[in-house]
Amino acid sequence: MKTSPGAVDFIDDAYLSSLLEGPAPDRETVQDVIAKSLEKEPLTVEETAALLRTEDPGLLEMIFGAARTLKETVYGNRIVLFAPLYVGNDCVNDCVYCGFRRSNPLAVRRTLTPDELRDQVERLEDAGHKRLILVFGEHPKYDAEFIAEQVRTVYGVRKGRGEIRRVNINAAPMDVEGYRTIKAAGIGTYQIFQETYHHGTYRRVHARGSRKGDYAYRLDGLSRALEAGCDDVGIGVLFGLHDWRFEVLGLVAHAVYLRGRYGVGPHTISFPRLRPASGVEPAGMGSIADDDFRRVIATLRLAVPYTGLILTAREPARLRRELLALGVSQIDAGSRIEIGGYTYRDARQVRDREQFELGDTRSLDAVMRELIEDGYLPSFCTACYRLGRTGEHFMEFAVPGFIKRYCTPNALMTLQEYLADYASPGTRAAGEALIRAELERLGPAADRDEIENRLARIRAAGERDLIF
Ligand code: SAM
Ligand code: SF4
């Protein structure tokens, strides 16, 4: 398999482990690191390690407080919403943690037909979704051309006033040509999770000789994507496989590497936690406690202030609600991950049809209502990527003033669309009140009249997709 020219394995296990050893750093060191990230400067791996090594309750409180502040100052109160759409679960790999692994005889194998895919998308549009992530097992039949075809099909589905405006991908790494093919189909972010950055653990959980067993090819996967012009990439770790502190350093090392080599860091970081899956009990595999998980999120928020943090419905509703404040910028909602799960919706999850069990199966409307009542501004905005404000350009724009000028107005537009087309009466009333409060907060902004004018056009004239 071909890696990118000059590809290097930039993860040095011994060095990362050494950063986590020894006595805790002194107070001033930790405070200096916190002060640096409050200036919205990305942290080095060494600085991140200082945050991870402290156990001082006062300093930990400062870290959590700084994470909350950064979330407010970089992202405001917006939370972007999306849904996963599993296309097929055939898989040639044997990852020990996954219900789709080839040696699991219980897994019900399916790949959506084009009609089934369209039906799934129609149901997601009917719920109000505008952003999807397509998820695939790893199999020769899910090659770049196949994935590109699924993306084109999804963009083509229009049900009522519904449309999908951004399709992200979570699939196996490809070669540069493959990434060019899917980029041409108009994908948003390409996500690949390294699962664990620790080489020994990686070997233990991924079968030798399997495609996924090649650590370096996977690590280089997003470099190839960037070289092919896919400038929005997402990294991630499956927490629970190895020491969580080491994994946070791995993620930061990856972000530092991409920034150094391509001038642009990852667009998003995901931090799935191991869940029970068909034939897999996480208890037998490792785990990470809620308190440590809180630290993962807060530390990442400080280390990469401009990178989106994604918290998925693997986590239970109660915990998701609490963790949002620590710096999360995107969540999925109304998710089903059985193949075809949006059509054959059952109150109960069917474990043998899904990759793992979800912790939060509330509807999109229920999640919207809770977000609004908690003072968050739910957003389905897709403007940046559609107007070419992606990758390095997106980083340039992510400066003070940008949120007020683009993000908040676009969040308001897409919320207004949701309220007009899909919301339950209770969510609509709460949402309308939130929009009024947000307009007040914007104050006499230069384009306040234009924002109000467009909101009225959405409400009264049925116009859609009015982006700033
Ligand atoms: N098959 C592709 C791959 O492995 O890169 C696509 C990704 S897989 C369908 C989506 C992600 O789900 C994996 O990268 C992994 O992090 C996560 N995952 C797998 N098993 C899980 C489990 N038992 N609990 C939580 N997340 C899991
Ligand atoms: Fe296949 Fe991905 Fe599951 Fe591994 S994590 S068994 S590659 S679907």
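Conventions and cut-offs
- Numbering of residues starts from 1 in every chain and runs along the sequence as written.
- Lettering of chains starts at A and numbering of ligands starts at 1, both following the order in which they are written.
- Selection of residues for local features in this predicted model requires a pLDDT of at least 70, selection of side-chain atom pairs for listing and counting requires 80 or more, and totals for whole chains, interfaces and linings are taken over all residues.
- In computing side-chain values, all of the structure's heavy atoms are included and hydrogens and water are not.
- Strands are runs of DSSP state E lasting at least 2 residues, helices are runs of H or I lasting at least 4, and numbering of each runs from the N terminus.
- The buried label goes to any residue with under 20% of its type's maximum accessible area, the exposed label to any with over 50%, and the partly exposed label to all in between, with areas taken from a 1.4 Å probe on protein chains only.
- If even one non-hydrogen atom of a residue comes within 4 Å of a molecule or strand, that residue is called near it.
- For this classification, the nonpolar set comprises Ala, Val, Leu, Ile, Met, Phe, Trp, Tyr, Cys and Pro, the charged set comprises Asp, Glu, Lys and Arg, and every other residue, Gly included, is treated as polar.
- Contact definition: two residues touch when any of their heavy atoms are within 4.5 Å.
- Polar contact criterion, stated in full: a pair of N or O atoms within 3.5 Å, where within protein one must be able to donate a hydrogen and the other to accept it, and residues adjacent in sequence count only if both atoms are side-chain atoms.
- Each accessible area is a Shrake-Rupley result for a 1.4 Å probe, and residues are judged covered by the shown protein chains and nothing else.
- Two aromatic rings from Phe, Tyr or Trp, using only the six-membered ring of Trp, form a pair when their centres are within 6.5 Å; if the ring planes differ by under 30 degrees the pair is stacked, by over 60 it is edge-to-face, and anything between is tilted.
- Comment: the charge-over-ring label is applied if NZ (Lys) or CZ (Arg) is within 6 Å of the ring centre and within 35 degrees of the ring normal.
- Inter-axis angles, ranging from 0 to 180 degrees, are taken between N-to-C directions of lines fitted to C-alpha atoms, where helices are fitted over the stretch in contact.
- Each angle is binned into one of four classes, with values under 35 degrees roughly parallel, values over 145 roughly antiparallel, values of 65 to 115 roughly perpendicular, and all other values oblique.
- By convention the crossing between two helices is left-handed if the near helix lies anticlockwise of the far one by an angle smaller than a right angle, and right-handed if it lies clockwise.
- Here the limits of each domain have been adopted from an automatic or database domain assignment.
- Take the accessible area each of two parts loses on contact, using a 1.4 Å probe, and add the two losses: that sum is the buried area.
- Salt bridges are defined as contacts in which a side-chain nitrogen from Lys or Arg sits within 4 Å of a carboxyl oxygen from Asp or Glu.

1. Quick word on the side chain of arginine 294
Within the secondary structure layout, arginine 294 lies in helix α12 (residues 290-303). On the basis of relative accessible area, arginine 294 is assigned to the buried category, the value being 17%.

2. Topic: the site of ligand 2
Ligand 2 sits among Cys91, Asn93, Cys95, Tyr97, Cys98, Phe100, Arg101, Gly137, Lys212 and Gln355. Its residues placed into classes, the shell around ligand 2 shows 5 nonpolar, 3 polar and 2 charged.

3. Notes on the environment of tyrosine 86
Considering the arrangement of structural elements, one finds tyrosine 86 in strand β1 (residues 78-88). Tyrosine 86 sits 256 residues away from tyrosine 342 along the chain, and the two C-alpha atoms are 9.9 Å apart. Sequence-distant contacts of tyrosine 86, that is, excluding residues within four places in its chain, are made with Phe100, Leu112, Val135, Ile337, Ile339, Gln355 and Phe356. Within the structure, tyrosine 86 has its side chain in polar contact with the side chain of glutamine 355 (distance 2.7 Å).

4. Details of the site of ligand 1
Among the 20 residues in the neighbourhood of ligand 1, the closest are listed as Tyr97, Glu195, Lys212, Arg218 and Arg275. Interatomic distance of 3.0 Å between a backbone N/O atom of phenylalanine 136 and a nitrogen atom of ligand 1. Between ligand 1 and the protein, one listed contact pairs an oxygen atom with a side-chain N or O atom of glutamine 355 at 3.3 Å. Starting from 570 Å² of accessible surface for ligand 1 in isolation, the protein chains cover 97%. Among the residues making up the shell around ligand 1, the classes are represented as 10 nonpolar, 3 polar and 7 charged.

5. Here we look at the packing of aromatic side chains
Per the counting criterion, the structure on display carries 10 aromatic pairs. A centroid spacing of 4.1 Å and a plane angle of 10° characterise the contact between phenylalanine 10 and tyrosine 257, whose relative ring orientation is stacked. Pair noted here: phenylalanine 10 is in the segment before α1 (13-19) and tyrosine 257 is in helix α11 (residues 244-262), with a separation of 247 residues, a long-range link. The exposure classification of phenylalanine 10 matches that of tyrosine 257, with both residues buried. Between the aromatic rings of tyrosine 86 and phenylalanine 100, the centroid separation amounts to 5.9 Å while the plane-to-plane angle is 75°, which identifies the pairing as edge-to-face. Here tyrosine 86, found in strand β1, pairs with phenylalanine 100, found in the loop between β1 and α5 (114-127); they are 14 residues apart in sequence, far enough to count as distant. For the pair formed by tyrosine 86 and phenylalanine 100, the shared burial category is buried. When the ring centre of tyrosine 217 is taken as reference, the NZ or CZ atom of arginine 224 above it lies at 3.8 Å. Here the guanidinium or amino end of arginine 454 rests over the ring plane of phenylalanine 468, the centre of that ring lying 4.0 Å away.

6. A few points about the packing of α11 against α12
For any two helices packed against each other, one specifies the inter-axial angle together with the distance between the axes. At a closest axis distance of 11 Å, the pairing of α11 and α12 adopts a crossing angle of 20°. Taken together, α11 and α12 sit at an angle that is classed as roughly parallel. α11 and α12 meet at a crossing whose hand is right-handed. In contact with Trp244, Arg245, Val248, Leu251 and Val252 of α11, α12 contributes Asp292, Arg295, Val296, Thr299, Leu300 and Ala303. Here the contact of α11 with α12 is built from residues that sort into 7 nonpolar, 1 polar and 3 charged.

7. Looking at the domain arrangement of the protein
Domain assignment breaks the protein into domain 1 (71-388) and domain 2 (395-461). Note on domain 1 versus domain 2: buried area summed over both sides is about 2200 Å², and carbon and sulfur give 62% of it. Run the count over domain 1 and domain 2 and you get 2 salt bridges. Of the charged contacts in the structure, one is a salt bridge between aspartate 421 and arginine 161, with a shortest N-O distance of 3.5 Å. Applying the counting rule to domain 1 against domain 2 returns 9 residue pairs in polar contact (both at pLDDT 80 or more). Looking at the side of domain 1 that touches domain 2, the elements that each hand over two or more residues are α4 (57-75), α5, α14 (364-373), β9 (377-379) and α15 (383-386). Ranked by residues supplied to the side of domain 1 that touches domain 2, first place goes to α14 with 5 residues. A per-class count over the side of domain 1 that touches domain 2 returns 15 nonpolar, 7 polar and 8 charged.

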